[in-house]
Every structure is written in C-alpha cells, then in structure tokens.
Amino acid sequence: MEGDAVTIRDVAKLAGVAVSTASRALGNGSASAKTRLKVQQAAEALHFVPNQAAKQLTSGKSNIVAIVVPEEPDFVFHDAFISGVVSQLATSFASARLLPFLVLTKPHDAQGFLKLLNGSGAAGVAIASFHYTKPFADAVKEFGKPVVFIGRPHVSMQYPYVDVDSYQGGYAAGELFAKRGRKRIAIVAGPNDMLTPQLRTEGIVDAARQFDCEIIGTVSGDYSMEHGEVGMREILEKHPEVNAVFAHSDDIAAGVYRTLHAAGKRIPEDVAVIGFDNFQTADVLTPRLTTFAQPLPAMAEAATEMLVERLETGEWKRRAVLFPARLVERESV
C-alpha cells in the first residue's frame, strides 16, 4: 500500500469487518468492545488518519464550519482587515476543535454560495465583509444553519454579529477634529452597500453637528488605497478648503496621503487625517496615522464562542458583541 492513501476500506479489510462497522468503531458509534479494539489495532497498524468530514457521517454531528468572504480573491488576500479576520477565525475555530474551511465567492454570486455551503456539510458559518443584496440575504436564510457575522449585517437581517462600535468611532473622529479646530471635514467612505461604513459616517455627521463643524463632501468606494487616492482627488477639486479627512480604513487613508502629498498639502498642518483599523499601514505612513483599533483576535474569539454555544446548546446565548473603537493617536491630527 506504499504510496497510496490508507482508507477506511483498508482498515475494515485488515480487521475483517464491514466498512460501516469500521466507521462506527472509529467514530464512537455502536460497536462491541472486542470489535472496537480490533478496528483500532488495524487502524494503528496501517497508520490510518480518519477524515473529519467522513467522521461526521457516522456520528451524525459535524464539526465543520465555513468562513465565508463574499469578495474578489485578490481583495481578500491584499486587504489587511479581511486577511486578518480569516487568519484569526481559522486559529480560533481550530482551537475550539472545529474544522474551518474558507469559502470565497463573488459578492453577488448568491446561488454559487448556497450550492457550495449545502454541499459542504458545514454545521455553522461565519461571514465577513458582507455586501447586502436581497438574493444573497435570501441565500443565507435558505441555508438554514447557524450564522454569525463579523461586522454588523444589514438591518433587515436579524443575525448574531461581532463588531467594533463604528458609530462611536466616527463620532470620536469628529470630536477630535473639532478639538483641533478642523471645521471643514471630508469623508472618504467604504462601500455604501455595507452597514459598517454607514455607521461610521453617521457618527461623524452627528459629531460635526454637535461641535459646529461642516461635512463638506463624502465619497464612497471600496476599502482600497486606490479609492482613497481617487476620492481625495475628487474632494480637493470640489472643496479645496478641506482641512480634515476621515478615511474609513487605513488603506483608504494611505491613498488620501498620496493625493495630499502630490497636491503639496502638509499633514496635519494643512489637512488632518484619521483612519480606521490600526494595522501596519498606520504605523509606516509619514506622518504616522491617527486611527481606531480593530481588535481582531478578540473579535474572532467572541465569534467562535458564540457559534460554539449555539452548536452545543441549540440557542444563541449572545446576539451581539460590540467592542469599543479605541483611538490610537499619532501625528496626523
């Protein structure tokens, strides 16, 4: 058998039992002590490693969980937030003895998403970076298994979630700008089909109203440096008087920096900038970026605990875990 993968059939043959009997014996199913010992000895002799997906068929329970990211693959592996979330979730799920697998699907491929999940045997799902469309929301509902979101889902979708308080972060950004005398604020926002960017915008808009500042322009787009660069260029063309920018991610802020530097604007003397994430980008920009921290390990751990509780008890013990947006002040304001 050298060079070939050992299968449950090989174990059954060596033990002199049926394949179904071998599966039950290795999967804690019904089998006599004598049969279980014989099968285990055969498995050890052949160095057989049970397949986790196969084990769920004999036990009736699945420990498989899907990490779903409805984004283009290039974006997933280049965006610090998404790649960080996927890494932390995979680590946290594995520590909880769950078997995670990554599902990458285009933002609007609802049927592909549903087909993949239905065929996976997944017991539960964690979804990150969800762009709302009704077909995709319907597909999540049709799947019917426990789902937890990283990032608050659309208001019409009543699912448990883990998130950072984006409204509070937006409000704190506006308050800090006001304290520094920056009254003409622009927003280079994230996607307008996601709730989190909307909350960040609502927060700073309310703060601007409270502290007698003016939101002079908002440009929405993806969480990329390119969007930050193009969006900031559009703002400068329409509103050259801008003296503060709230970027909805550190990558967006990096693009904002590039455009401001090209335009001969000094940061923060001419234009103050605040980002959101506190990833490596924030610390390597010049000047270093003031931003809000995303506690990814804690978020992943909370999502794991919520999903495990649901799988074990049949109930959601918690429907939402909201972490505060922690301001990290550096030199850009």
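Residues numbered from 1 in each chain as written. Predicted model: local features only at pLDDT ≥ 70, side-chain atom pairs only at ≥ 80, totals over all residues. Heavy atoms only, no water.

J.: Provide a residue-level description of the pattern of salt bridges, including the pertinent values.
T.: This model, assessed by the stated rule, comprises 12 salt bridges. A salt bridge links E234 to K238; the shortest N-O distance between them is 3.4 Å. With E234 and K238 both in helix α11 (residues 225–238), this residue pair falls four residues apart, about one helical turn. On the basis of relative accessibility, which here comes to 31%, the residue E234 falls in the partly exposed class. Assessed through its relative accessible area of 57%, K238 is described here as exposed. (Salt bridge = Lys/Arg side-chain N within 4 Å of Asp/Glu carboxyl O. Helix = DSSP H or I, 4+ residues; strand = E, 2+ residues; numbered from the N terminus. Buried < 20%, exposed > 50% of the residue type's maximum accessible area, 1.4 Å probe, protein only.)

J.: Tell me what's going on with unusual backbone geometry, and back it up with residues and numbers.
T.: Each neighbour pair has its own omega, and for I267 with P268 the value is 5°, a cis peptide bond. Mapped onto the elements of the fold, P268 is located in the loop between α12 (250–262) and β9 (272–274). Across the junction of T286 and P287, the peptide omega takes the value -5°, indicating a cis bond. Here P287 shows up in the loop between α13 (280–284) and β10 (291–293). Even without glycine at this site, R97 takes up a positive phi of about 65°. Tracing the backbone through its elements, the reader meets R97 in the loop between α6 (80–95) and β2 (99–104). The class of R97 is exposed, set by a relative accessible area of 70%. The backbone of N278 sits at a positive phi, close to 65°, despite the residue not being glycine.

J.: Before we move on, can you summarise the sheet that holds strand β4 (residues 147–150) with the specific residues and values?
T.: Backbone-to-backbone hydrogen bonds join strands into a sheet, with any given pair of strands oriented parallel or antiparallel. Spatially, the six strands line up as an open sheet ordered β2-β1-β3-β4-β5-β11, and their pairing is parallel. The open sheet terminates on both sides in strands that have one partner only, identified here as β2 and β11 (320–323). The sheet shows a mean angle of 15° between the axes of neighbouring strands, taken without regard to direction. The sheet strands contacting helix α7 (residues 110–118) are β1 (64–69), β2 and β3 (124–128), and the helix crosses β1 at an angle near 165°. (Pairing = 2+ DSSP bridges. Axes fitted to C-alpha atoms, helices over the stretch in contact; angles between N-to-C directions. Contact = heavy atoms within 4.5 Å.)

J.: Outline the sheet that holds β9, supporting the account with residue identities and numerical values.
T.: Pairing within the open sheet is parallel, and its four strands lie in the order β7-β6-β8-β9. Every interior strand has two partners, whereas the edge strands, β7 (214–220) and β9, have only one. The average undirected angle you get between the axes of adjacent strands in this sheet is 20°. Strand contacts of α12: β6 (184–189), β8 (244–247) and β9, with the helix running at about 165° to β9, the strand carrying the most contacts.

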